[in-house]
Amino acid sequence: METEMEPQPKRGTGDGRGSTVARVRRPVTLKFEDVVYRIKTKGKGKAKQGERVILKGVSGAVSPGEMLAMLGPSGSGKTTLLTVLGGRIGRTRLLTGSITYNGKPFTNSLKRRTGFVTQDDVLYPHLTVTETLVYTALLRLPSTLSRQEKTARAEAVMAQLGLTACRSSIIGGPLVRGVSGGERKRVSIGQEMLIDPSLLLLDEPTSGLDSTIAGRIVSTLWDLTKGGKTVIMTIHQPSSRLFYMFHKVLLLSDGNSIYFGKGSDAMDYFASVGYAPTVPMNPADFLLDLANGTRPLH
Ligand SMILES: Nc1ncnc2c1ncn2[C@@H]1O[C@H](COP(=O)(O)OP(=O)(O)OP(=O)(O)O)[C@@H](O)[C@H]1O
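Keep in mind it's a predicted model, so treat the numbers as computed, not measured. (Residues numbered from 1 in each chain as written. Predicted model: local features only at pLDDT ≥ 70, side-chain atom pairs only at ≥ 80, totals over all residues. Heavy atoms only, no water.)

1. Notes on the layout of surface pockets
- Here the largest pocket is characterised by a volume of approximately 250 Å³.
- Lining the largest pocket we find G86, G87, R88, F106, T107, N108, K111, R112, T114, F116, R140 and E192.
- Every element with two or more residues in the lining of the largest pocket is listed here: α2 (108-112) and β5 (114-117).
- Sort the elements by how many residues they give to the lining of the largest pocket and α2 lands first, with three residues.
- By residue class, the composition of the lining of the largest pocket is two nonpolar, five polar and five charged. (1 Å grid on protein atoms, 1.4 Å probe; cavity = no way out; pocket = protein on both sides within 12 Å on 5 of 7 lines; lining within 4 Å. Points joined across faces, edges and corners; volume = space filled by probe spheres on them. Helix = DSSP H or I, 4+ residues; strand = E, 2+ residues; numbered from the N terminus. Nonpolar A, V, L, I, M, F, W, Y, C, P; charged D, E, K, R; others polar.)

Structure (structure tokens):
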């Protein structure tokens, strides 16, 4: 049976986190073109069922070694697009356009190499960080690997994500205090890292975290791209430091893509079409103002 395991990452030095030097064995180039997604809506009373267009012809591409951030106001379609790109919405008449992974449609083999971190983590509050990752490894990794190999994989992921210091702390929840929000998010990312995904999608991995912790998480994800992973995330309001870490940015406004390209080119592009801030500002804030239909500072 084929396993999806990659070589173990080498342990890093310095901050206790491992550096991701293992290359992805089967990198993924994702291209999406003119993606339209509709949902069915209920009419009031005797009114017939209608449809609402959530994504209105969105296009883009992301290559191995790149991190794509999807930005936009609340309700603009970021999570929906992430879910579509993660192969979690089946092809029906309601989803049209072309979405290819290395030139092919989403397959079961790709599903095994795809990690998806949802916005709301589902973790057991009474398990420790180590228990959470070891149990996930035992459940998710192929039976061709021994228990010892699976445990070693969990250990490697903990080192890679800087979780060693809190390895014996419980996760916690609303009623019982446990690890911090940033650590908790890293445990969720770790659960997906166990399968060593070629394609990693994350819904709001920094929401609710302060900018320093958010920065650490995005840096960790940036490190992952160096091994050839393809990383896509939705993000609400990144600081300018984070914004410039993204290789590509997709700005959504009411289901329309109003910018797709390098983060570092976004300001020049909008200046060239007549939209430039009159004082220096965080480019992400500027783009969100534009996506909200507010011309900043006017
Ligand atoms: N299954 C569904 N049923 C009803 N409405 C839906 C469904 N899926 C998405 N929507 C609507 O589509 C729009 C886009 O939702 P989506 O969650 O993708 O936005 P978002 O940009 O991720 O928002 P947020 O930043 O608030 O998470 C919203 O208006 C949402 O209510």
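2. As for the site of the ligand
- In the neighbourhood of the ligand, the contacting residues comprise I39, R52, I54, P73, S74, G75, S76, G77, K78, T79, T80 and H236.
- Burial of the ligand by the protein chains amounts to 61% of its free accessible area of 640 Å².
- Of all the secondary structure elements, the ones that give two or more residues to the shell around the ligand are β2 (50-62) and α1 (78-85).
- Here the element with the most residues in the shell around the ligand is α1; it accounts for three residues.
- By residue class, the composition of the shell around the ligand is three nonpolar, seven polar and two charged. (Near = heavy atom within 4 Å. Areas by Shrake-Rupley, 256 points an atom, 1.4 Å probe, with all protein chains shown as cover.)

3. Here's the deal with the side chain of E204
- With respect to the helices and strands, the residue E204 is situated in the loop between β6 (199-203) and α6 (211-226).
- Despite its burial, E204 pairs with no opposite charge, the nearest such side chain being K78 at 4.6 Å.
- Excluding residues that lie within four positions of it along the chain, E204 makes contacts with K78, Q119, K185, T234, I235 and H236. (Buried < 20%, exposed > 50% of the residue type's maximum accessible area, 1.4 Å probe, protein only. Lys, Arg positive; Asp, Glu negative; His and termini not counted. Salt bridge = Lys/Arg side-chain N within 4 Å of Asp/Glu carboxyl O. Contact = heavy atoms within 4.5 Å.)

4. A few points about helix α3 (residues 129-140)
- The terminal C-alpha atoms of α3, which comprises 12 residues, lie 16 Å apart, in line with the 16 Å expected from a rise of 1.5 Å per residue.
- Restricting attention to buried positions, one finds in α3 the residues V129, T130, T132, L133, V134, T136 and A137.
- Against α4 (147-160) and α5 (181-193) lie the buried residues of α3. (Expected span 1.5 Å × (residues − 1).)

5. Focus: the environment of Y135
- Structurally, the position occupied by Y135 is in helix α3.
- Expressed as a C-alpha distance, the spacing of Y135 and K150, which sit 15 residues apart in the sequence, is 9.1 Å.

So yeah, pure geometry; function would need other evidence.
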